[in-house]
Amino acid sequence: MKKLMIANWKMNKNGKECAEFLIEFKSKYSNKIDAWIASQPLYIKLIINENVKAGLQNCSEHVSGAYTGEVSSRNFKEMGGNFVLIGHSERRQFFGETSKTCQAKLQTVLRENLTAVYCVGETLSERESGQTLAIVSDQLHQGLNDLSAANEENLVIAYEPVWAIGTGKTATPGQAQEVHSSIRKILSEKFPGFGSKVRLLYGGSVKPDNVEELLAQKDIDGGLVGGASLKAKDFLALCGDK
Ligand code: PEP
């Protein structure tokens, strides 16, 4: 399975910074690892290119209509977009998203022939009270309920422990692998035809100096990266291009 590294730029970077990043990145990127970038929708046209896939960080569960301020996955597809992050912990924490609302978005994104990257993960208090696997399992069962359009190409799961996002605290490779192996098991049971082939990404303070150890784990197929994806040099290093 080819590894995948996704940059989540969040609401960082202006147009000039996006363009400069892309010039540097594309000049050295060798495509050993798939590289996808989720920017603000405003900059999507800059990213789309034959080697790098472009994504949204969220979308509406509706494809058109009177939903002021929302972004349609159908129109994103029409503009050449490729994938959508769904259920990022910042969406769950600041915008009231639940696994149930994520399920509706997942349905829409898959129906529109885009790839869905569904994010799950526990908070620090949930980890400390021993609930990690139960929380992640619940997020998967609710979010992935009734997804008849899913397959190994259009579904990616990102395990992102909330306590490791933007904090500099990375889950140890062992901690991440433990959760990934249980996600793999759940997906294999839920989707017997292809669940074992879905790419599972780890996210949470992934950096050039810890990426190798993480990617060496049996069930870690790549990373979802915030902070270390903002500099082209670092993101290149995460994609195996030093
Ligand atoms: C993220 O926002 O998805 C993320 C993993 O951020 P960071 O790499 O900065 O922890």
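The rules behind the values
Residues numbered from 1 in each chain as written. Predicted model: local features only at pLDDT ≥ 70, side-chain atom pairs only at ≥ 80, totals over all residues. Heavy atoms only, no water. Helix = DSSP H or I, 4+ residues; strand = E, 2+ residues; numbered from the N terminus. Buried < 20%, exposed > 50% of the residue type's maximum accessible area, 1.4 Å probe, protein only. Polar contact = N/O pair within 3.5 Å; in protein donor to acceptor, adjacent residues only side chain to side chain. Contact = heavy atoms within 4.5 Å. Near = heavy atom within 4 Å. Areas by Shrake-Rupley, 256 points an atom, 1.4 Å probe, with all protein chains shown as cover. Nonpolar A, V, L, I, M, F, W, Y, C, P; charged D, E, K, R; others polar. Salt bridge = Lys/Arg side-chain N within 4 Å of Asp/Glu carboxyl O.

Asker: Looking at this structure, I do not really get the side chain of Asp221. What am I missing?
Answerer: Topologically, Asp221 is positioned in the loop between helix 9 (211–215) and strand 8 (222–225). For Asp221, a relative accessible area of 5% gives the class buried. Only 3.1 Å separates the side chain of Asp221 from the side chain of Arg184, close enough to count as a polar contact. With near-sequence residues (within four places) excluded, Asp221 lies in contact with Met1, Lys2, Lys3, Leu4, Arg184, Val198, Arg199, Leu200 and Leu201.

Asker: What is the right way to read the site of the ligand from this model?
Answerer: Taken together, 14 residues are adjacent to the ligand, and Lys10, Glu160, Gly166, Ser205 and Gly226 come closest. Interatomic distance of 3.5 Å between a side-chain N/O atom of Asn8 and an oxygen atom of the ligand. His88 has a polar side-chain atom sitting 2.9 Å from an oxygen atom of the ligand. If the ligand stood free it would expose 300 Å²; the protein chains cover 96% of that surface. Of the residues contributing to the shell around the ligand, the split by class is four nonpolar, eight polar and two charged.

Asker: Where do I start with the environment of Ala228 in this structure?
Answerer: Inspection of the secondary structure puts Ala228 in the loop between strand 8 and helix 10 (232–238). Taking the C-alpha atoms as reference, Ala228 lies 9.4 Å from Trp9; in sequence the two are 219 residues apart. Residues in contact with Ala228, not counting those within four places in the same chain, are Val206, Lys207, Pro208, Asp234, Phe235 and Leu238.

Asker: What's the story with the pattern of salt bridges in this structure? I'm lost.
Answerer: Pairs may arise between side chains of opposite charge once their charged atoms sit close together. This model, assessed by the stated rule, comprises 15 salt bridges. Residues Glu112 and Arg74 are paired through a salt bridge, measuring 3.0 Å at the closest nitrogen-oxygen approach. Placement of Glu112 in the loop between helix 5 (99–111) and strand 5 (115–120) and of Arg74 in helix 3 (residues 73–78) is noted, with a sequence separation of 38 residues between them. With relative accessibility at 41%, the residue Arg74 sits in the partly exposed group. Of the charged contacts in the structure, one is a salt bridge between Asp221 and Arg184, with a shortest N-O distance of 3.1 Å. Of this pair, Asp221 sits in the loop between helix 9 and strand 8 while Arg184 sits in helix 8 (residues 173–190), placing them 37 residues apart in sequence. This pair shows no difference in class: Asp221 is buried, exactly as Arg184 is. In the salt-bridge network here, residues are joined through shared partners; they are Arg184, Lys218, Asp219 and Asp221.

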